[in-house]
Every structure is written in structure tokens, then in C-alpha cells.
Protein chains: 2
Amino acid sequence: MSVRYGMISVASITDRFMHAVLENGDVITAVASRSLTKAKQKADQYGIKRAYSSYEDVYRDNDVDIVYIAVNNANHSREVKRALQHGKHVLCEKPIALCAEDAEELFTYARKQGLFLMEAQKSLFLPVTQVVRTHIQKQTLGRLHQIEMSASFPNPTAAWMHDPAQGGVVYGSASYTIEYLDYLLAPKQIHTSPMGTKEAGGACDRISMNFLFDDILVNSRISMNGPTQHHAIFYFEKGYIHVPDYWKAREYTLVKGKDHQRFTFPCLYEMKYEAAHVRECLKNGWQESPIMPANRSIRCCSIVDNIMQQLEQVNREEGR
Amino acid sequence: MSVRYGMISVASITDRFMHAVLENGDVITAVASRSLTKAKQKADQYGIKRAYSSYEDVYRDNDVDIVYIAVNNANHSREVKRALQHGKHVLCEKPIALCAEDAEELFTYARKQGLFLMEAQKSLFLPVTQVVRTHIQKQTLGRLHQIEMSASFPNPTAAWMHDPAQGGVVYGSASYTIEYLDYLLAPKQIHTSPMGTKEAGGACDRISMNFLFDDILVNSRISMNGPTQHHAIFYFEKGYIHVPDYWKAREYTLVKGKDHQRFTFPCLYEMKYEAAHVRECLKNGWQESPIMPANRSIRCCSIVDNIMQQLEQVNREEGR
């Protein structure tokens, strides 16, 4: 049985997702954009039957099982709620909400409606992620002691990425780090200490986040100022694992002394693993993903709340 | 005119320094160790005339111009003071003292005695460091926005490295980061926020230090738990500079898009640049190094004080 998707927005990320859905053998029934012209363009491009200029029309479409929401961050909560109201299952781009309270409300509502709701955190479903998780759990390189992550998404053009209330690198990308490591490490406790800077308009343009995931020391840096390296490095007692582009990884290298072993997992569209998981969830009638459950999303939103508060506090103390 | 050195301790670092001194054409007149056997061994090995079992004997030796102090961290202040009392110029391994107050006292005393005193921060004198400094100042890759540093010195065997009052990665190696960047960036303000862990005996075994050097966001990680990458990466608007082994760098790579240019500066003993600088200072009768002056050492000690206090505060708050 194929899953029938409705697309909410035609933002650039939806192209990668639509390719992944089609590659998986699933179906896109409808696509909506505020601009009917853009919706029609996408419909033509991907062989989608219906193009709408209103998201509501997708929510009302009886041939849509699940909607994929990729509007700007500030509207995630609202669109998730509307879709659930109309009885649709929902896959919503990260962050599912801009605060833990909203995230909790959404999942409570989905449960009440008997519908599936998941935050789209594609990195958890990648084959590389599964292998790294096994190395950590089996301690093949000894105990993990430190993790370093670095990423940059320079000069974003979307206006809302420069809006301090929903944009910047923390709302934009901190969940890549937090949910990925929460899945890999399954920590009891997470301690957070960030340092960041703001661009003129007030959005956080560079962040260096220190974490303790139980006793594992983590630093994750994200920038929208210029190019950086893009990787996660897992440092163990006896060596390390290097994962380029950890949020869409297709390879990793295992380093032990002078020995470097590279393993590759080629794929065209990395979101296909996530889409395959969604299909499995729906097929089984699950309302929550066992890999990316409500608690993981809510916990992440709560850590992001905390990071934003800590950054604000530093700014206040220093009169910035 | 050659400089005549007296060596205080035969710790492993002194070998690299003695080679550097001899390669520079300077002279080692005397060497002292608590163990006369060890002192004699070193004297034989390096063709040094006098071997002593007491540091005092070096301070009293009229054929010694300057002493190089490489005892354990807790004894730096005491030995620096004794050497100055006896009228010797002093080059002391990092950290010159375990708190800013002690560092200030030492430099005040050196000034009063009319003697040269410098903390041995070899990284500032490397040719690679000079080139990186020029790239930063001339903005050849645009503005610098972020720096990442990573280093590990796994499983130290010296017992004092596991003493929380003088050992661990902060007292041991934080000055590599702080004094190096203080020199490169010449910041007006430095903000610090560390996260770390302690080994069973209480010494800090892993640290991730966030800094703002004015508006430049820095993360520096140091571990004694296992291998990590060893490098500093300077991220600019238009690319980055990668410096392997930044504290003893012999090469750097300039990355701009897909273009990687590697530049090498081969040398046998990287401390020779530091030794050459010391000779220049003494030849000119300077009591303070223009590259590594008192203020830089005192500022660094004060930041280390701050880091240790912040780590303690977190531990207290969390009842660890």
C-alpha cells in the first residue's frame, strides 16, 4: 500500500522530499502554495494531480493520507494543528514548534485525534547513523568520550531566517545536533551551555553549543556567516569516527591510529529512509514513531528554549 | 654572543628545548635534577659541563645567564622567584603561575630586579603563526568569524598531571589556546564559557571552552581521555585555514571552495624560534618580550582562574 502525500508549501526542501517519496514508490496527491502558479509548476514537474493555492484545500482532500509541512518555522504549529483538525496524519519539518509547550500541545492533540505526528528529523533514519549507534553501543573503539560537530549554512536568502523569533542558526539547525545525539546516546541528563552572536537584525548567526549528554562532552557549532567544515566526529578511547555531512550522511571513516577505513552508503535522496519509516508507521497504525517519538521532539524544543534563554541572559548581563 | 642556559629539571620537554638551544648556537652550561644520576645523564648526552642535584646550584652558577624552568606546574612560581632572587633571567614553561595574582607578583619582581622574565609559549614564534596573523589582519579571505581548536594529550603518566590543584587539561594546556589567540586577535574583550568533566581524582580530564574574542566565536577542546584531531581551523567569510598541531605547527592549508593549498615550514625543533626570540630580547637588554609580554601571561592566568571557577560553580550547582 502506497502512502498518499499532500505537500504544504513548495519551499526548496520539498523538492528533495518529493523525490524521496517518489523513489520510495509512494504518491503525492496534492501540492499547495500561496501562489497557484508555483503550485501548478511543482504539480507539472512531479506529475501531481492537484495544485491548490490554499493549504486548507490539501487538508480537505480525501485522497491525502498525510501532509508534509514545510512552511516557515513560525507557522509550523499552526499548520500542524489545522491538518490534525481535518483528520490528516502529519510529518512536519524541524523544528516542529518554537517552544516545548507548543510541541507538547501538538502531540497531545494528535494523540486525542488518533493521528500520526512526527517531526522530520531525517538524520536518525540514515544507514550511517545506525552503524555509528552500533559502534557506540558495542564500544568497538572503547568508550565514547567526546563529540565534535560543525556545520554552516551561509547567507540564507529566506527572509524569515533573519527573524530572531523563528530564524537564525538555533531555531534553524540546533535540532540536527540535539535529536541526533539524543537518539544515538539515549542520555538520562543533558546539560547545555551555549555561546553565540547575533546579526544586526537580532537573529543568532553563529552558535557554539557545549553539552554534556550524561558524561559525554559535546561541542556543536553552526554558522550562517561563511563556509566551515561539515561533519560530526565521535572520539573514543581507541580512535574516532568521522561522519561528513552528519545530517545527510552517505559515508563515514573509522580511524584507529594510522588506519583509516572509509565506508560508503550511496543514495540519491537521503530523505527516502525517513519516508520509508513514515510508511512503516502508517502501515502499522502507529501514532508515534518509535525512532522519533513525541518525547524526543519535546525534549529538543525544551533544550532550544533553554539555549535561547541562556543567550538572552548573557546579552542582558553584558548590555548587548 | 651566545646565551648560556641553565636547565631546571630534566622533564621530557627539556630534551626538545635543549636540542632547539643547541641548534640555535646557544650554550647549556648547567643542568639540575633532584636526581644527580639523571642530571649527569643529560649532561653527558648534551655535552653540558655541570650537573647538579640542586636547582639552587644552577641559580648560583656565574656562567649561567638565563634559566629554563620546566618543573611541575605547582612549583613554577617558587622556582621563578628563586631564580630572580639570584639575579638570573628566566624562561618558564607555561603556565607561569596557577593564578593571576602570582603571575603579576612574579613580573613585578622581575621588573624590580631588572631581569628578563618570559612564559615559554612557543606557538607565538612559529612561522606558521606569523602567516596566519597576516591573513587575519589583511583579511585575505574576508573577515574571520569563527575558530575551532582540538587537541588531546592522552593518558599522561606524570602523577602531578592528575592533581586537581595543578594538573588536568586546563592548567596543562588552556594557555596554548588563550595566549595564541590573544596574540593573533589582539582582542579588547574576552568572554569565556567552559564545560568540562573531571576524572576520579578530581583533575579536569576533558574541556570544551567557548570564547568570544571580541566578536570572533571560538571553541577549543582539550582531552586527556583518548586520541582526537589536533588542529586549529580559522573560518573566514570566503574560506578557511587549517593548521595541524597548532602549538608546534610546521604547515597550514588554505581552503577556498574546492581549492586546497598546502604550505610547509619544515624544522626539526620548533622551540628554536622561541629560543631565537629569547636571545634577541637578551641581546637588546629587554626585560619583557614584545611578543609574549607580562600582560599576556597575566591575562591568560586570569582567564584560567575564571574557567576553574566556572567549572567549580557548575559542579556545586549540580552537586557533583
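Model, not experiment: these values are computed from the prediction. (Residues numbered from 1 in each chain as written. Chains lettered and ligands numbered in written order. Predicted model: local features only at pLDDT ≥ 70, side-chain atom pairs only at ≥ 80, totals over all residues. Heavy atoms only, no water.)

S.K.: Can you walk me through the overall build of chain A in this structure?
M.R.: Each helix and strand in chain A was counted, giving nine helices and 14 strands. What you see for chain A is a C-alpha radius of gyration of 20 Å, in line with the 20 Å of a compact globule of 320 residues. Across the 320 residues that make up chain A, the buried fraction comes to 57%. The long-range share in chain A, meaning contacts at least 24 apart out of those at least 6 apart in sequence, stands at 65%. Just so you have it, chain A exposes about 12700 Å², and 47% of that area is on carbon and sulfur atoms. (Helix = DSSP H or I, 4+ residues; strand = E, 2+ residues; numbered from the N terminus. Rg over C-alpha atoms; globule rule 2.2 N^0.38 Å. Buried < 20%, exposed > 50% of the residue type's maximum accessible area, 1.4 Å probe, protein only. Contact = heavy atoms within 4.5 Å. Areas by Shrake-Rupley, 256 points an atom, 1.4 Å probe, with all protein chains shown as cover.)

S.K.: Where do I start with the nonpolar core in this structure?
M.R.: Inside soluble globular proteins, nonpolar side chains tend to come together where they are buried. Grouped together as the largest cluster of nonpolar side chains are 77 residues, with contacts concentrated most on Y5, L181, F234 and V243 of chain A. Of the residues that make up this core, three or more belong to each of domain 1 (4-120) and domain 2 (124-271 + 302-317) of chain A. Counting 76 residues, the second largest nonpolar core, distinct from the first, contains V169, F236, W247 and Y252 of chain B. (Core = buried A, V, L, I, M, F, W, Y, C linked by side-chain atoms within 4.5 Å. Domains from an automatic or database assignment.)

S.K.: I would appreciate a short explanation of the pattern of salt bridges in the present structure.
M.R.: Any two side chains of opposite charge can pair, on the condition that their charged atoms come close. Evaluation of the coordinates by the stated rule reveals 40 salt bridges over all chains. In this structure, E148 of chain B and R221 of chain B form a salt bridge, with 3.8 Å as the shortest nitrogen-oxygen distance. Of this pair, E148 of chain B sits in strand β7 (residues 144-152) while R221 of chain B is found in strand β10 (residues 216-223), placing the two residues 73 residues apart along the sequence. Each member of the salt-bridge network shares a partner with another, and the members are R4, R50, D61, D63 and D65 of chain A. (Salt bridge = Lys/Arg side-chain N within 4 Å of Asp/Glu carboxyl O.)

S.K.: Quick question: what am I supposed to make of the pairing of strand β10 (residues 216-223) of chain A here?
M.R.: Put simply, side chains in a regular strand alternate between the two faces of the sheet. All names here are of chain A. Counting buried positions along β10 yields eight of eight residues, so the element is predominantly enclosed. Examined bridge by bridge, strand β7 (residues 144-152) and β10 share seven bridges and lie parallel to one another. Residue pairing for β10: A151 is matched across the bridge by I222. Direction of pairing for strand β9 (residues 204-213) relative to β10: antiparallel, over a ladder of eight bridges. (Pairing = 2+ DSSP bridges.)

S.K.: Help me understand the relation of the copies chain A and chain B in this model?
M.R.: Of the transformation superimposing chain A on chain B, the axial component is 0.0 Å and the angular component is 180°, with the fit at an RMSD of 0.0 Å. These values place the two chain copies in the arrangement generated by a two-fold rotation axis. Residue by residue, 100% of the interface of chain A is reproduced at the interface of chain B, so both copies engage with the same surface. (Least-squares fit on C-alpha atoms with pLDDT ≥ 70 in both.)

S.K.: Explain the packing of helix α6 (residues 127-138) of chain B against helix α7 (residues 168-185) of chain B to me, please; I cannot follow it from the model alone.
M.R.: How two helices pack is summed up by the angle between their axes together with the distance between the axes. Residue and element names in this part refer to chain B. Contact geometry of α6 with α7 gives a least axis separation of 9 Å together with a crossing angle of 45°. One way to sum up the angle between α6 and α7 is to call them oblique. Contacts between α6 and α7 pair T129, Q130, V132, R133 and I136 from the former with Y180, Y183, L184 and L185 from the latter. Per-class residue counts for the contact of α6 with α7 are six nonpolar, two polar and one charged. (Axes fitted to C-alpha atoms, helices over the stretch in contact; angles between N-to-C directions. Parallel < 35°, antiparallel > 145°, perpendicular 65-115°, else oblique. Nonpolar A, V, L, I, M, F, W, Y, C, P; charged D, E, K, R; others polar.)

S.K.: Can you help me understand the sheet that holds strand β2 (residues 27-32) of chain A in this one?
M.R.: In a beta sheet, neighbouring strands pair by backbone hydrogen bonds and run either parallel or antiparallel. All names here are of chain A. Within the open sheet, the six strands sit side by side as β3-β2-β1-β4-β5-β6. Their pairing is parallel. Where the open sheet ends on each side, the last strands, each with one partner, are β3 (50-52) and β6 (117-120). Across the sheet, the axes of successive neighbouring strands diverge by a mean angle of 20°, strand direction being ignored. Pairing of strand β5 (residues 89-93) with β6 involves four bridges; the strand directions are parallel.

S.K.: Help me understand the layout of surface pockets, please; the structure alone is not making it clear to me.
M.R.: Put simply, the largest pocket is a space of about 1000 Å³. Looking at the lining of the largest pocket, the elements that each hand over two or more residues are β8 (190-198), β9 and α9 (294-317) of chain A together with β8 (190-198), β9 (204-213) and α9 (294-317) of chain B. With nine residues, α9 of chain A is the single largest residue contributor to the lining of the largest pocket. Here the residues of the lining of the largest pocket sort into 18 nonpolar, 19 polar and ten charged. (1 Å grid on protein atoms, 1.4 Å probe; cavity = no way out; pocket = protein on both sides within 12 Å on 5 of 7 lines; lining within 4 Å. Points joined across faces, edges and corners; volume = space filled by probe spheres on them.)

S.K.: Where do I start with empty space enclosed by the protein in this structure?
M.R.: Empty space left among the atoms is revealed by rolling a probe the size of a water molecule over them. For the structure shown, the criterion picks out five cavities of 30 Å³ or more. P95, A97, Y171, C301 and V304 of chain B are the residues nearest the centre of the largest cavity, which is lined by 14 residues in total. Secondary-structure elements contributing two or more residues to the lining of the largest cavity are α7 and α9 of chain B. Per-element tally for the lining of the largest cavity: the top contributor is α7 of chain B, with five residues. When we break the lining of the largest cavity down by domain, the ones giving at least three residues each are domain 1 (4-120) and domain 2 (124-270) of chain B. Counted as a void, the second largest cavity has a volume near 60 Å³. If you trace the second largest cavity, you find it lined by P95, A97, L98, C99, E119, V170, Y171, S175, E179, C300, C301 and V304 of chain A. In terms of residue count, helix α7 (residues 168-185) of chain A provides more of the lining of the second largest cavity than any other element does, four residues in total. Within the lining of the second largest cavity, the residues separate by chemical class into nine nonpolar, one polar and two charged. Both domains that furnish three or more residues to the lining of the second largest cavity are identified here as domain 1 (4-120) and domain 2 (124-271 + 302-317) of chain A.

S.K.: Please explain the interface of chain A and chain B as it appears in this structure.
M.R.: By a widespread convention, an interface's size corresponds to the accessible area lost as its parts come together. With 37 residues of chain A at the interface, the matching set in chain B holds 38 residues. Taken over both partners, the interface formed by chain A and chain B buries close to 3000 Å², and the fraction arising from carbon and sulfur atoms is 56%. The tally of links from chain A across to chain B stands at two salt bridges. Put simply, chain A and chain B have eleven residue pairs in polar contact (both at pLDDT 80 or more) between them. Only β7, β8, β9, β10, β11 (231-236) and β12 (239-244) of chain A provide two or more residues apiece to the side of chain A that touches chain B. Split by residue class, the side of chain A that touches chain B holds twelve nonpolar, 17 polar and eight charged. (Buried area = accessible area lost by both parts, 1.4 Å probe. Polar contact = N/O pair within 3.5 Å; in protein donor to acceptor, adjacent residues only side chain to side chain.)

S.K.: Looking at this model, I keep getting lost on the pairing of β5 of chain A. Mind explaining?
M.R.: All names here are of chain A. Taking burial as the measure, the five residues of β5 include four buried ones, the bulk of the element. Examined bridge by bridge, strand β4 (residues 66-69) and β5 share four bridges and lie parallel to one another. Bridge pairing in β5 links I69 to C92. Regarding the hand of the β-α-β motif, the stretch spanning β4, helix α4 (residues 76-85) and β5 is right-handed. For the handedness criterion, the β-α-β arrangement of β5, helix α5 (residues 100-113) and β6 is classed as right-handed. (Right-handed = clockwise from strand over helix to strand, strands pointing away.)

S.K.: For this particular structure, what's the right way to read the domain arrangement of chain A?
M.R.: All names here are of chain A. Assigned domains within chain A: domain 1 (4-120) and domain 2 (124-271 + 302-317). Measuring from the centre of the C-alpha atoms in domain 1 to the corresponding centre in domain 2 gives 26 Å. On the domain 2 side, the residues contacting the 18 residues of domain 1 number 15 residues. Of the roughly 1500 Å² buried between domain 1 and domain 2 on both sides combined, carbon and sulfur atoms contribute 57%.

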